[in-house]
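One letter stands for each residue in the lines below.
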Amino acid sequence: MRDPRVPRDGVGAGPAADRFRTFRPLWGQVSAWFVWVVAAVGSVVVGLAANGPLGAAAVNKASFVAFALAVTWLLWRLGGVHAVPSPEGLRVRNLIRSRTLAWPEVVEVRMGPNDPWVRLDLADGGTIAVMGIQRADGERGMAEARRLRALVVSLGEAPDRT
């Protein structure tokens, strides 16, 4: 039987749980849901209710539904961007690609004044965006960037082998 005091993601309550809480954009999810309701639901309603000379054609109705499905997929991905920290590393899910990084792979956490989200400098010289931490969230986004930086500093150093 599952302990009701432990969240479904398996992380318990307290400072350790707070430290490894999933990074998710607040306004990214809200705007994705809002745009989905307007675009996808509106497209299906208009497509199925249209009965003019062009609206009655089955191919036109099908194109409205296909558009709604494409918008649904895109906004599902956009609303699902996040980053999941664990003691072993960071799993980043962006719009198209997901990637898992070990903490020593992350060299620096950056969010410049014109950056829409956090960028990680990697040990191999590359960079990766973390769309789960967004500037649009204001101070909350900046606090999340600081929390990620603290995780990188505390867990990112490779152990010395002497």
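Residues numbered from 1 in each chain as written. Predicted model: local features only at pLDDT ≥ 70, side-chain atom pairs only at ≥ 80, totals over all residues. Heavy atoms only, no water.

1. With respect to the pairing of strand E1 (residues 82-85)
Here is step 1: Examined bridge by bridge, E1 and strand E2 (residues 89-93) share four bridges and lie antiparallel to one another. Bridge pairing in E2 links Ala 83 to Val 92. (Pairing = 2+ DSSP bridges. Helix = DSSP H or I, 4+ residues; strand = E, 2+ residues; numbered from the N terminus.)

2. Focus on the environment of Trp 33
Here is step 1: When you line up the elements, Trp 33 lands in helix H2 (residues 26-49).
Here is step 2: Residue Trp 33 is classed as exposed on the basis of its relative accessible area of 60%.
Here is step 3: For Trp 33 and Thr 72, which are 39 residues apart along the polypeptide, the C-alpha to C-alpha distance reads 9.5 Å. (Buried < 20%, exposed > 50% of the residue type's maximum accessible area, 1.4 Å probe, protein only.)

3. Some words on the side chain of Arg 93
Here is step 1: Relative to the helices and strands, Arg 93 is located in strand E2.
Here is step 2: Excluding anything up to four places from it in sequence, Arg 93 contacts Trp 76, Arg 77, Gly 80, Val 81, His 82 and Ser 98. (Contact = heavy atoms within 4.5 Å.)

4. Considerations on the nonpolar core
Here is step 1: Within the largest apolar cluster, 20 residues are counted, with the highest numbers of intra-cluster contacts made by Phe 23, Leu 90, Val 118, Leu 120, Val 130, Ile 133 and Leu 148.
Here is step 2: Residue assignment for this core shows that the elements contributing at least two residues are E2, strand E4 (106-110), strand E5 (117-122), strand E6 (127-134) and helix H4 (139-155).
Here is step 3: Of the residues forming this core, the biggest block, four residues, is contributed by H4.
Here is step 4: In this structure Leu 120 touches Leu 90, Leu 101, Val 106, Glu 108, Val 109, Gly 126, Thr 127, Ile 128, Val 130 and Leu 148, once residues within four positions along its chain are discounted.
Here is step 5: One finds Ala 32, Ala 40, Ala 68 and Val 71 within the second-largest nonpolar core, a separate group that totals five residues. (Core = buried A, V, L, I, M, F, W, Y, C linked by side-chain atoms within 4.5 Å.)

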